[in-house]
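One-letter residues, chain by chain:
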Amino acid sequence: MEDGRGFARRHVTPEHCSRLPSMHLSGSAHINPAGELVIGGLPAPELAERFGTPLFVYDEALIREQCRRFHRALQKTGLDHQVSYASKAFLCRALARLMAEEGLGLDVVSGGELYTALAAGFDPAHIHLHGNNKLDSELRRALAAGVGCYVVDSLDEVARLNTLAGELGTRARCLLRVTPGVEAHTHDFIQTGAADSKFGLNLASGQASEALRAMLQAEWLDVLGVHFHIGSQIFGTEGTRAALARVLAWLAGEREHSGFAARVLNIGGGFGIRYTGADQPQPLEDLLAEVAAALRAGAAEHRLPLPQLWLEPGRSIVGEAGWTLYTVGTVKQIPGVRNYVSVDGGMSDHLRTALYGADYEVALANRMHGAPQGTYTVVGKLCESGDVVARDKPLPEPRHGDLLAVSCTGAYHYAMSSRYNAMLRPAVVFVKDGEAREVVRRETYDDLLRGQLD
Ligand SMILES: Cc1ncc(COP(=O)(O)O)c(C=O)c1O
Ligand SMILES: N[C@@H](CCCC[NH3+])C(=O)O
């Protein structure tokens, strides 16, 4: 059976297992006859030996396939479209280049992301700058570089962007970010479309209208259209369709008021992925078909010209392609309470469990066929009780030196890593067809001291 991406759908359930442990193997991942996890044609133990652990491993073919899937699915909708990768999910120069090769734009939210994208040689015309508090220095750099689109997030930004663009004598193409007042069914921390949000301008209060009118009058701004993003790790299209309905109705009112017709509607990212069996994402193709149908119907209902559909997915492009490999250290069994297995990283490279209570599948990458002998809570080595990677997971009895793999760590892991406890950030490798290339080197103790003054 295929998973819609041309990859065989595989799910590993260790033999003799009564407790249904199992790990879903996405993309190129499979198990070799030696019982080792293989990603991109390379056995995980070999990668760990060569690059050390903790290690982030990206299945390059799967990243590329996800990009192509977005293109194909959008093409099929028949709408004019554009897809930009939300680089907050994971960015390095190699990834920015990969996105350029796959024909995606780049959405950046800070001077640092912009700097990285430009350092990769990414065409600034295909970069979008986001942010609820864009600094003047960031706007200046973006304007000087020729960034292709600004997603205006506040009334204050309208005036500042206009002034700075005028000073540089360059026009700024922009979208207005609105909050449609729709609750997305996801973790509170990652929903962004409700009226009570630090992002965007609220439709219901009239602030969005005020901002749009100011933008239309601003001498140096070219207003392309509107943006909303209701949240992340969302399943289904109910929230997006509700948001679309509100935004289109609002746009109809604005058109009556000023004659403004949006050429672009950017609905952000947010497409949910499968972290564990509890997540059941619908195929991307179906989601985009539903969104496109809702957009066509809504535009027709309000007699609006059909805008281009722009997307900015992050997690769904890189999430399932990423793996973390850790080396097992201490194993501690507290009779009648819990078994703990400690690894050589933790919340410094894997924050989502501590932050959102996120769940992950784990396996011993050097003994994938081992039958589970108990449940183990995988913890890191940081000085926090909340430093948990995955709770109560069925595993063969882990031994010191085993290799533990966590799947689906491609999005918001390296990107949210920290140096808490003076931990060093792991290396990142891209693997494909039996070749590995290191794209981010492991930090060293010298990196910790760099920037410190005596
Ligand atoms: C404005 C905006 N666009 C795009 C994204 C990317 O979202 P995701 O990684 O869920 O696709 C985010 C993050 O939630 C966002 O805030
Ligand atoms: N960091 C979040 C997503 C952030 C969304 C950005 N708007 C996560 O890991 O799920």
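This section reports on the structure supplied with the text. Computed from a predicted structure; not experimentally measured.

**Remarks on the site of ligand 1**
- Surrounding ligand 1, one finds 15 residues, the nearest of these being His229, Ser232, Glu312, Arg315 and Tyr412.
- In the model, an oxygen atom of ligand 1 is placed 2.8 Å from a nitrogen or oxygen of the glycine 314 main chain.
- Isolated, ligand 1 exposes 390 Å² of accessible area, and the fraction of that covered by the protein chains is 93%.
- Residues of the shell around ligand 1, tallied by class, amount to three nonpolar, seven polar and five charged.

**Quick notes on helix H3 (residues 93-101)**
- All of the buried residues along H3 are Ala94, Leu95, Ala96, Leu98 and Met99.
- Of the surrounding elements, those touching the buried residues of H3 are helix H2 (60-77), strand S7 (81-86), strand S8 (105-108), helix H10 (315-318), strand S22 (427-432) and strand S23 (435-440).
- Immediately beyond the C-terminal end of H3, within one or two residues, lies glycine 103, with a positive phi of roughly 75 degrees.

**Examining the pairing of strand S11 (residues 172-179)**
- Of all eight residues making up S11, seven are buried, and the element is well covered by its neighbours.
- As paired elements, strand S10 (residues 149-152) and S11 share three bridges and run parallel to each other. Counterpart to tyrosine 150 in the pairing with S11 is cysteine 174.
- Handedness of the crossover joining S10 and S11 through helix H6 (residues 155-168) is recorded here as right-handed.
- Two elements, S11 and strand S13 (residues 221-227), share six bridges in a ladder whose sense is parallel.

**What to know about the pattern of salt bridges**
- Inspection of the entire model under this criterion finds 21 salt bridges.
- Across the pair arginine 72 and glutamate 65 runs a salt bridge whose closest N-O atoms are separated by 2.6 Å.
- On the basis of relative accessibility, which here comes to 45%, the residue arginine 72 falls in the partly exposed class.
- Given a relative accessible area of 13%, glutamate 65 falls into the buried group.
- Aspartate 222 is paired through a salt bridge with arginine 171; the nearest N and O atoms lie 2.9 Å apart. Of this pair, aspartate 222 sits in strand S13 while arginine 171 is found in the loop between H6 and S11, placing the two residues 51 residues apart along the sequence.
- You can call aspartate 222 partly exposed: its relative accessible area is 27%.
- Assessed through its relative accessible area of 43%, arginine 171 is described here as partly exposed.

**Concerning the nonpolar core**
- Within the largest apolar cluster, 87 residues are counted, with the highest numbers of intra-cluster contacts made by Tyr85, Met99, Leu106 and Tyr150.
- Counting residues in each nonpolar core, the second largest holds 24 residues, with Leu37, Ala48, Ala363 and Val431 among its members.

**Considerations on the packing of H2 against H3**
- Orientation of H2 relative to H3, taken along the N-to-C sense of each, is 40 degrees, at an axis distance of 10 Å. On the basis of their axis angle, the class for H2 and H3 is oblique. Here H2 and H3 pass one another in a crossing that is right-handed. Residues Glu60, Ile63, Arg64 and Cys67 of H2 form the contact with H3, whose participating residues are Leu95, Leu98, Met99 and Glu101.
- The class makeup of the residues in the contact of H2 with H3 is five nonpolar, no polar and three charged.

**Let's talk about helix H5 (residues 136-145)**
- When H5 is considered as a whole, its buried residues turn out to be Glu138, Leu139, Ala142 and Leu143. Buried positions in H5, seen along its axis, are confined to an arc of 130 degrees and lie on one side of it. Structural note: H5 exposes Arg141 and Ala144 on the side pointing more than 90 degrees away from its buried face.
- Where H5 is buried, its residues contact helix H4 (111-119), strand S9 (127-129), S10, H6 and S11.
- The positive-phi residue at the C-terminal boundary of H5 is glycine 146, with phi of around 90 degrees.

**Let's talk about the site of ligand 2**
- Residues in contact with ligand 2 amount to seven residues; listed here are only the nearest, Arg315, Arg352, Tyr356, Tyr412 and Met416.
- Arginine 352 is positioned such that a nitrogen or oxygen atom in its side chain is 2.6 Å from an oxygen atom of ligand 2.
- Here tyrosine 356 contributes a side-chain N or O atom positioned 2.9 Å from a nitrogen atom of ligand 2.
- Look at ligand 2: alone it shows 310 Å² of surface, and the protein chains cover 84% of it.
- In terms of residue class, the shell around ligand 2 is made up of four nonpolar, no polar and three charged.

Cut-offs and rules
- Residues numbered from 1 in each chain as written.
- Chains lettered and ligands numbered in written order.
- Predicted model: local features only at pLDDT ≥ 70, side-chain atom pairs only at ≥ 80, totals over all residues.
- Heavy atoms only, no water.
- Near = heavy atom within 4 Å.
- Polar contact = N/O pair within 3.5 Å; in protein donor to acceptor, adjacent residues only side chain to side chain.
- Areas by Shrake-Rupley, 256 points an atom, 1.4 Å probe, with all protein chains shown as cover.
- Nonpolar A, V, L, I, M, F, W, Y, C, P; charged D, E, K, R; others polar.
- Buried < 20%, exposed > 50% of the residue type's maximum accessible area, 1.4 Å probe, protein only.
- Helix = DSSP H or I, 4+ residues; strand = E, 2+ residues; numbered from the N terminus.
- Contact = heavy atoms within 4.5 Å.
- Pairing = 2+ DSSP bridges.
- Right-handed = clockwise from strand over helix to strand, strands pointing away.
- Salt bridge = Lys/Arg side-chain N within 4 Å of Asp/Glu carboxyl O.
- Core = buried A, V, L, I, M, F, W, Y, C linked by side-chain atoms within 4.5 Å.
- Axes fitted to C-alpha atoms, helices over the stretch in contact; angles between N-to-C directions.
- Parallel < 35°, antiparallel > 145°, perpendicular 65-115°, else oblique.
- Left-handed = near helix turned anticlockwise from the far one by under 90°.
- Arc of directions from axis to C-beta.

The values are spatial; any link to function lies outside them.
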